[in-house]
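# Fold and contact review
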Amino acid sequence: RMSVSSKESIIINSHALPSSIFHTTDTMRSSTNKVSYGRSSTKMKSGPSIAMTIAPLAPVKSIASYASRTLVSFSNKTTVYLAAFITFFVTLLRTKFYKRILWPGTTVAENEEPLPPGSFGCPLFGSNMLKGTSEYGPFEFFDRTIRKLGNPNVWKFYFFGMPIINVSGAANIKHALAKELEPDGVGSELPGSNTKILMGNTSLLYENDKRLHSFLRRLVGVSMSPSACAQAVPALVDAANEQIDTILKASSTGENVKMEDICNDFTLGVAWRQILGLDLKEDEIPLFYRAIEDWIKSMTSIRLFLPGIKSSKSYKAREYVVNKVERKIADLKRNGPDGSTLGGMVFAKDEESNSKLTPEQILDNALLLILAGSETSSKTLSIALNLFGIHKDIWDKVKAEQKNVVMKHGDKITKEILDKECTYLDSVIKETLRIRPVAYGLEIRKSKKKIVVEGKKIPP
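Bear in mind the structure is a predicted one, so any value in this text is a computation, not a measurement.

### Quick word on the packing of helix α8 (residues 226-252) against helix α9 (residues 259-275)
Across the interface, α8 lies against α9 with an axial gap of 9 Å and an inter-helix angle of 150°. Looking at the two axes, α8 sits roughly antiparallel to α9. Like other packed secondary-structure pairs, α8 and α9 cross with a definite hand, here right-handed. Contacts between α8 and α9 involve Ala 232, Ala 235, Leu 236, Asp 238, Ala 239, Ala 240, Glu 242, Gln 243, Thr 246 and Ile 247 from the first element and Met 259, Ile 262, Asp 265, Phe 266, Gly 269, Val 270, Arg 273 and Gln 274 from the second. A class-by-class count of the residues in the contact of α8 with α9 yields ten nonpolar, four polar and four charged.

### Side note on the side chain of Ser 188
By the element assignment, Ser 188 lies in strand β7 (residues 186-189). Judged by its relative accessible area of 8%, Ser 188 falls in the buried class. In this structure the side chain of Ser 188 is engaged in a polar contact, spanning 3.0 Å, whose partner is the backbone oxygen of Leu 205. Within the structure, the side chain of Ser 188 is placed 3.1 Å from the side chain of Arg 445, a separation counted as a polar contact. Not counting chain neighbours up to four residues away, the residues in contact with Ser 188 comprise Leu 205, Tyr 206, Asn 208, Glu 443, Ile 444 and Arg 445.

### Regarding the pattern of salt bridges
This model, assessed by the stated rule, comprises 22 salt bridges. In this structure, Arg 318 engages Glu 319 in a salt bridge whose closest nitrogen and oxygen atoms are separated by 3.4 Å. Asp 396 is the partner of Lys 392 in a salt bridge, and the nearest nitrogen-oxygen pair spans 3.3 Å. Of this pair, Lys 392 and Asp 396 both sit in helix α14 (residues 392-409), four residues apart, which is roughly one turn of the helix. On the basis of relative accessibility, which here comes to 33%, the residue Asp 396 falls in the partly exposed class. Overlapping salt bridges bring together Lys 328, Asp 331, Arg 334 and Asp 338 as one network.

Conventions and cut-offs
Residues numbered from 1 in each chain as written. Predicted model: local features only at pLDDT ≥ 70, side-chain atom pairs only at ≥ 80, totals over all residues. Heavy atoms only, no water. Axes fitted to C-alpha atoms, helices over the stretch in contact; angles between N-to-C directions. Helix = DSSP H or I, 4+ residues; strand = E, 2+ residues; numbered from the N terminus. Parallel < 35°, antiparallel > 145°, perpendicular 65-115°, else oblique. Left-handed = near helix turned anticlockwise from the far one by under 90°. Contact = heavy atoms within 4.5 Å. Nonpolar A, V, L, I, M, F, W, Y, C, P; charged D, E, K, R; others polar. Buried < 20%, exposed > 50% of the residue type's maximum accessible area, 1.4 Å probe, protein only. Polar contact = N/O pair within 3.5 Å; in protein donor to acceptor, adjacent residues only side chain to side chain. Salt bridge = Lys/Arg side-chain N within 4 Å of Asp/Glu carboxyl O.

Structure follows, in structure tokens:
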């Protein structure tokens with residue numbers, strides 16, 4: 001589940017959506033003239049060195065003759081090609097099938113429920129949903145688009161061949177997922193041709209077979225059960241104390257501390273200590289951190305949708321992590337469980353089928369837990385600390401709660417203490433997740449039949 005504008009949200013992939021107004025400009029400088037044709041319009045800039053005046057393009061039959069007269073006055077081949085392209089493009093937009101060519105999969109029957117608001121952006125490519133900024137962070141596209149559209153619960157966009165509808169609100173999500181994993185419902189969708197290579201396709205996240213999904217949920221869930229989480233607390237404490245020591249050391253020498261790095265190192269420490277149960281040497285830790293960072297970056301990169309991924313830094317980073325995991329699995333099978341999440345998956349056995357996870361399933365789900373549990377947790381902690389700086393009264397209340405816990409239990413921390421006596425801290429983290437979600441776009445569903453949400457159609 002993700003949040004958009006303080007509401008729970010998912011993204012549903014649709015294969016049939018309508019077009020929107022398309023705008024384009026060339027690179028020449030001068031005054032702007034507007035051309036109208038059919039339902040759409042384009043802005044073009046004409047320069048003084050080109051003898052071309054943009055006139056109304058009403059009848060299609062006049063386009064060819066207009067272009068031929070214009071081409072005579074052009075002084076170089078580049079401009080001729082540009083004019084030819086513009087002529088072709090305008091002609092294409094006047095045809096009946098231009099939507100199918102420029103935004104494949106977006107044509108729908110118009111005698112049903114209306115489609116959601118939104119734009120398809122650039123032809124063929126659409127909008128970059130992975131776009132981020134240094135000020136906002138990743139997935140800035142969603143925040144900017146939602147605000148522009150007036151915070152709708154249902155809206156559409158297009159991304160690298162995928163018409164997509166974003167659905168927000170708990171009730172809407174429950175309705176959209178009512179038939180999840182059913183033949184006439186919705187299923188998971190791998191975003192991008194390289195996701196399978198970088199993430200694997202046997203994880204719980206992307207399994208669409210209902211029986212197999214339940215099997216994975218039971219066995220992967222064993223490693224994340226309350227008792228397993230309780231056993232993980234000491235490893236979490238060790239990772240936290242390591243970063244606290246880093247902060248205290250830096251403050252004693254007057255150095256500035258970048259809390260984003262602290263939070264990132266903390267969650268990665270949890271990843272190799274608890275999730276994977278690795279025994280990394282001092283010089284191996286920075287290499288592991290860098291590999292995880294390079295691999296995770298690919299999940300929010302346009303490279304995910306381009307060829308040649310196996311020659312990329314992201315793929316090599318993944319291979320480094322995979323090698324570590326495979327060696328650890330072999331060690332667990334020789335020496336038995338060690339309390340790690342990975343160990344829990346290796347030795348989990350399904351009571352219904354008497355089956356275990358395959359090596360591929362163990363590997364893919366271990367990588368999924370690292371992706372889900374490190375980057376998102378790091379960003380959430382960073383945002384929470386930033387909000388503490390803005391709202392000092394909230395920070396003071398959290399400190400007071402922690403002091404009471406220490407007075408009562410000393411330095412010992414258990415899952416039971418966290419659950420029962422850190423309720424205000426728990427509320428702060430949940431509120432942080434609500435007002436500033438950090439995970440958009442990775443959980444895509446594919447609609448198999450038409451779904452209607454708030455009177456808006458999500459086509460199959």
